[in-house]
Every structure is written in structure tokens, then in C-alpha cells.
Amino acid sequence: MIRQIVLLSLLLVACSAHLFANTFFRPDSLPKQNELQVVYIKGKVSLQSSGKQLKKNDYFRTGEPLKFAEPAHRMVTMNHKRNLFIALPDARKSVGYLLEPLKLAANVRPGKIMNYLGFQKYLEGRRLVAIGDKLSLEIAGNELEMNEDKFFYIQYQWTGDTKPVNKQLAFSGQNLIIDKSTLFMVDGRPIDPAETSAYKLFYYDKPANQSTLINAVDLVFVDLDDLYKEVNAIVELLGPNSNKSDLKDAILQYIHTQYGEPLKNDIDSWLKQNWGL
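Quick look at the structure, then. (Residues numbered from 1 in each chain as written. Predicted model: local features only at pLDDT ≥ 70, side-chain atom pairs only at ≥ 80, totals over all residues. Heavy atoms only, no water.)

## Observations regarding the pattern of salt bridges
Part 1: Here the structure, examined in full by the defined rule, presents eleven salt bridges.
Part 2: Taking the shortest distance from any N to any O, the salt bridge between Lys55 and Asp58 comes out at 3.5 Å.
Part 3: Taking the relative accessible area as the measure of exposure, Asp58 reaches 10% and is therefore buried.
Part 4: Residues participating in the shared-partner salt-bridge network are Lys52, Lys55 and Asp58. (Salt bridge = Lys/Arg side-chain N within 4 Å of Asp/Glu carboxyl O. Buried < 20%, exposed > 50% of the residue type's maximum accessible area, 1.4 Å probe, protein only.)

## Concerning unusual backbone geometry
A negative phi angle characterises most non-glycine residues, just as the trans form characterises most peptide bonds.
Part 1: A positive phi angle is found at Asp187, which is not glycine, with a value near 55 degrees.
Part 2: With respect to the helices and strands, the residue Asp187 is situated in the loop between strand E14 (185-186) and strand E15 (189-190).
Part 3: Non-glycine residue Asn209 carries a positive phi angle of around 50 degrees.
Part 4: Of note, Asn209 is situated in the loop between strand E16 (196-205) and strand E17 (210-216).
Part 5: Asn209 sits in the exposed class, given a relative accessible area of 60%. (Helix = DSSP H or I, 4+ residues; strand = E, 2+ residues; numbered from the N terminus.)

## Side note on the sheet that holds strand E10 (residues 150-158)
Part 1: Strand order across the open sheet formed by four strands is E11-E10-E16-E17, with antiparallel pairing between neighbours. Of all the strands in the sheet, the pair left with one neighbour each is strand E11 (161-168) and E17. Between one strand axis and the next, the sheet turns through 30 degrees on average, direction left out of account.
Part 2: Across five bridges, the pairing between E10 and E11 is antiparallel. Each residue of the ladder has a partner; that of Tyr153, found in E11, is Gln168.
Part 3: Contacting E10, E16 and E17, helix H2 (residues 116-123) runs over the sheet at an angle of about 35 degrees to E17. (Pairing = 2+ DSSP bridges. Axes fitted to C-alpha atoms, helices over the stretch in contact; angles between N-to-C directions. Contact = heavy atoms within 4.5 Å.)

## Re the pairing of E17
Part 1: In terms of strand pairing, E16 meets E17 through six bridges, oriented antiparallel. Residue pairing across strands places Tyr203 opposite Thr212, the latter belonging to E17.

## Some thoughts on the environment of Phe119
Part 1: Within the secondary structure layout, Phe119 lies in helix H2.
Part 2: The spacing of Phe119 and Leu144 is 25 residues in sequence and 9.5 Å in space, taken between C-alpha atoms.
Part 3: Setting aside chain neighbours within four positions, we find Phe119 in contact with Ile113, Leu137, Ile139, Leu144, Phe152, Leu176, Leu201 and Ile214.

## Some remarks on the packing of aromatic side chains
Given two aromatic rings, one states the distance between the centres and the angle between the planes to describe the pair.
Part 1: A complete count under the given rule lists eleven aromatic pairs for this structure.
Part 2: With centroids separated by 5.1 Å and ring planes inclined at 10 degrees, the aromatic side chains of Tyr153 and Phe202 adopt a geometry described as stacked. Of the two residues, Tyr153 sits in strand E10 while Phe202 sits in strand E16, which places them 49 residues apart along the sequence.
Part 3: Measuring from ring centre to ring centre gives 6.1 Å for Phe184 and Phe221, while their planes differ by 80 degrees; the resulting arrangement is edge-to-face. On the criterion of sequence distance, the pair formed by Phe184 in the loop between helix H3 (180-183) and E14 and Phe221 in strand E18 (residues 218-222) is long-range, its members being 37 residues apart.
Part 4: Relative accessible area serves as the criterion here: at 16%, Phe221 is assigned to the buried category.
Part 5: Taken together through their ring pairs, the aromatic side chains of Phe119, Tyr122, Phe152 and Tyr203 make up a single cluster.
Part 6: Its end group placed over the ring of Tyr122, Arg126 keeps NZ or CZ at 3.8 Å from the ring centre. (Phe/Tyr/Trp six-rings, centres within 6.5 Å; stacked < 30°, edge-to-face > 60°. Lys NZ or Arg CZ within 6 Å of the ring centre and 35° of its normal.)

## Some details on the sheet that holds strand E8 (residues 127-131)
Part 1: Strand order in the open sheet formed by three strands is E18-E8-E19, and the pairing between neighbours is parallel. Strand pairing shows two members of the sheet lacking a second neighbour, E18 and strand E19 (261-262), which therefore form its edges.
Part 2: Sheet topology places E8 next to E19; two bridges connect them, and they run parallel. Counted as the bridge partner of Leu128 is Glu261 from E19.

## A few points about the environment of Gly173
Part 1: Among the structural elements, Gly173 can be located in the loop between strand E12 (170-172) and strand E13 (175-179).
Part 2: In the structure, Gly173 is positioned 28 residues away from Glu145 in sequence and 9.4 Å away in space, judged by C-alpha atoms.

## Considering H2
Part 1: By the burial criterion, the buried members of H2 are Gly118, Phe119, Tyr122 and Leu123. With its buried residues spanning 125 degrees around the axis, H2 presents them on a single face. In this structure, H2 carries Leu117 and Lys121 as exposed residues pointing more than 90 degrees from its buried face.
Part 2: For H2, the secondary structure elements touched by its buried residues are E8, strand E9 (134-138), E10, E13, E16 and E17.
Part 3: With a side-chain oxygen positioned 3.4 Å from the backbone nitrogen of Leu117, the residue opening H2 is Asn115.
Part 4: Where H2 terminates, the next one or two residues include Gly125, which has phi positive at roughly 60 degrees. (Arc of directions from axis to C-beta. Polar contact = N/O pair within 3.5 Å; in protein donor to acceptor, adjacent residues only side chain to side chain.)

Here it is in C-alpha cells:
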């Protein structure tokens, strides 16, 4: 009887160990050469043939027709070489989507903004990404000093008014601050950022009553909850098999491709705080 109890106990332990291993230690599950694996889906994407809605970690054949529920929906995928791609809906393609590799734009912009020409170049063709609701830019030098009489403002078009909206920007020392909560406030009421367009940055000299156009501004305020989910999906899939440098590069490639260019200090701090990268 005692021998039977011991054998039963050993069997239960073995089963538990097997269950634990299969639950918490996933085997290498890279897609095959003719497959793509879903890393993250923003919206709804389904197989055109069966109507099955894809979800994280699903596999599908390369070139298999897909259906995106909305034009704005996206999907991050990975191939057998662990390269990441963005799948974008495209009705002109026979498969219904366009597959774009993630690419990291070369950062050749100056580290500090020293003068008018430097700021103009800094903004040229650049999509600035705010990690959260605020963006802070250091303005060094004396040419673009900020005080009560000299300051920056952003002008944009709003569908609720025929005249352009002018919003004075705050500053702290040499840091120019663009705050989402005040930028999209008109007559004391918040407005929908989606109803705004054509941003331009000006520098105003009050004593001279002179406004100087710096450049057009392309701004993106990222929802941190959404960005966390997207980045965390990449970390969960690539993290166990990547060193920190490669993983960080993959994340930056995704953010650059999907949103634009965040400030280095902001994104470094956010990645370190959440994933130790």
C-alpha cells in the first residue's frame, strides 16, 4: 500500500513538472520559410478565405489574402529570420495588403537647436513624436531667447473656425514646451486634434511686433497605453532570443515606421522604465 502511494506521488510530481514546463517554457516557435507570425494587431485582420480573425502569435502563409476591417488597421509580423514587417491594407494588391519592412531612419539632426537656421533644419521633413502629452525642446544660444516679450507660438487650422488658431507655447529656462492639453484648447474648451491641420511654428518679438515663421511642424502625441501594448508584444516575442541592443533597435524601428521620431531622452527613459532597455 505504501509502495503504491509513493509511486502515485512520483507520477503526480512528474505530471506537474511536465505541465509546468509546457506552460512556462515555450519552445522555439519561429515561423517556417513560407510563413509569417503575428506579433501585434492594431484593429481587426482576418483571413479572406475562411474569415478567421487573426490574433497574436498566429501563423499564416506568405501571400495569403487578408482582409482589414478598417483602412487605419495595421499588423506587425515576423518572418523565419526574425525580421519585422508592417502589414498595411491595400485594395490594389491581390492579397489585400502591402508588406513593409521596418526601417530605422538615420538621425542626422543636430543635438541642440542653436539659432533660427538650426531650428528650421531641425523641423524640416521631420515628424516629431511626443511620448505622452508633452514635448520639450532645448533651445540653446541667444538668438531665440524666450521671455515675456519673446516667445514661440503654433498656428494651425481648425474645422470649427475659418480663422487660424494661434497658441502661445510655454517655456522653462531654455526648454520650449509643447503641451497637448493647452495646444488643443480653444476659448477654454478642448477640441479634437483630429479636426486640426497645417501646423506652423512662429517666433514672436513683441517689442518689434514681428512674427517669424520657423517652419511647418508635424506633431504626433502618442497614447502611452496603446504604445505600451504594441511595444510589449515585440518585447514578449523577441525578448527571450535577442540582446538588449537588437531588441531596442527593433522597437525604435517600429516607432519610427508607425509614428515618427521621438526625442532620444524621452524614448530612452520610457524604454528603461518599462523594460530596462
